[in-house]
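Chain and residue survey
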Amino acid sequence: MDNNGTDLIDALDALLERERNALLNGDLTEIPEIVAEKERLIDALAEAGTAQAEQLAPVQMRATQNQLLLQSAMEGIRSVADRMAELRKVRGGLQTYDRSGQRQQFAASHTPRLEKRA
């Protein structure tokens, strides 16, 4: 493998480490830039066509680990979004059903109460 291919693999490995750190630190704003750079490096590696499987194995393993971290981050974001939607529903009031199966809505009081104690 030539130096250019080795340099590309090293650059991709460093980028994957940067992606891992961003995911672990919750810095998701950095991810789109990293993904674009990762695509560029992978395309350059494909064009070079000189990479050996044993040289790419550690990079592939790191990419797989990062994918798992990204999936976990996305699940966390979905969980927060679901929880926020539930809280919005609760603030809107309580829904119940009466004996006949008709839905009843009880509005929540939105007036904040302040209790002053001596």
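Please read these numbers as outputs of a predicted model, since none were measured by experiment.

With that settled, consider the pairing of strand E2 (residues 103–106). Inspection of the sheet shows strand E1 (residues 94–97) paired to E2 by 4 bridges, in the antiparallel sense. Its bridge partner lying in E2, Thr96 is registered against Gln104. Following E1, the chain reverses through 5 residues before pairing antiparallel with E2; Gly101 in that reversal takes a positive phi of roughly 90 degrees.

Glancing now at the side chain of Lys38. By the element assignment, Lys38 lies in helix H2 (residues 31–48). In terms of polar contacts, Lys38 uses its side chain to reach the side chain of Glu19, at 2.8 Å.

The next subject is helix H3 (residues 53–92). Between its terminal C-alpha atoms H3 stretches 57 Å, which fits the 58 Å expected from 40 residues at 1.5 Å a residue. Among the residues of H3, Val59, Asn66 and Ala73 are the ones counted as buried. Positive backbone phi, at 130 degrees, marks Gly93, one or two positions downstream of H3.

Under the 1.5 Å per step criterion, the end-to-end length of H2 is 25 Å for 18 residues, consistent within 8% with the ideal 26 Å. All buried positions along H2 are accounted for by Ile31, Ile34, Lys38, Leu41 and Leu45. Each buried residue of H2 lies within a common arc of 85 degrees when the element is viewed along its axis, so the set occupies one face. Opposite the packed face of H2, turned more than 90 degrees from it, sit the exposed residues Pro32, Glu33, Ala46 and Glu47. Positive backbone phi, approximately 60 degrees, marks Gly49, located one or two places after H2.

Conventions used here
Residues numbered from 1 in each chain as written. Predicted model: local features only at pLDDT ≥ 70, side-chain atom pairs only at ≥ 80, totals over all residues. Heavy atoms only, no water. Pairing = 2+ DSSP bridges. Helix = DSSP H or I, 4+ residues; strand = E, 2+ residues; numbered from the N terminus. Polar contact = N/O pair within 3.5 Å; in protein donor to acceptor, adjacent residues only side chain to side chain. Expected span 1.5 Å × (residues − 1). Buried < 20%, exposed > 50% of the residue type's maximum accessible area, 1.4 Å probe, protein only. Arc of directions from axis to C-beta.

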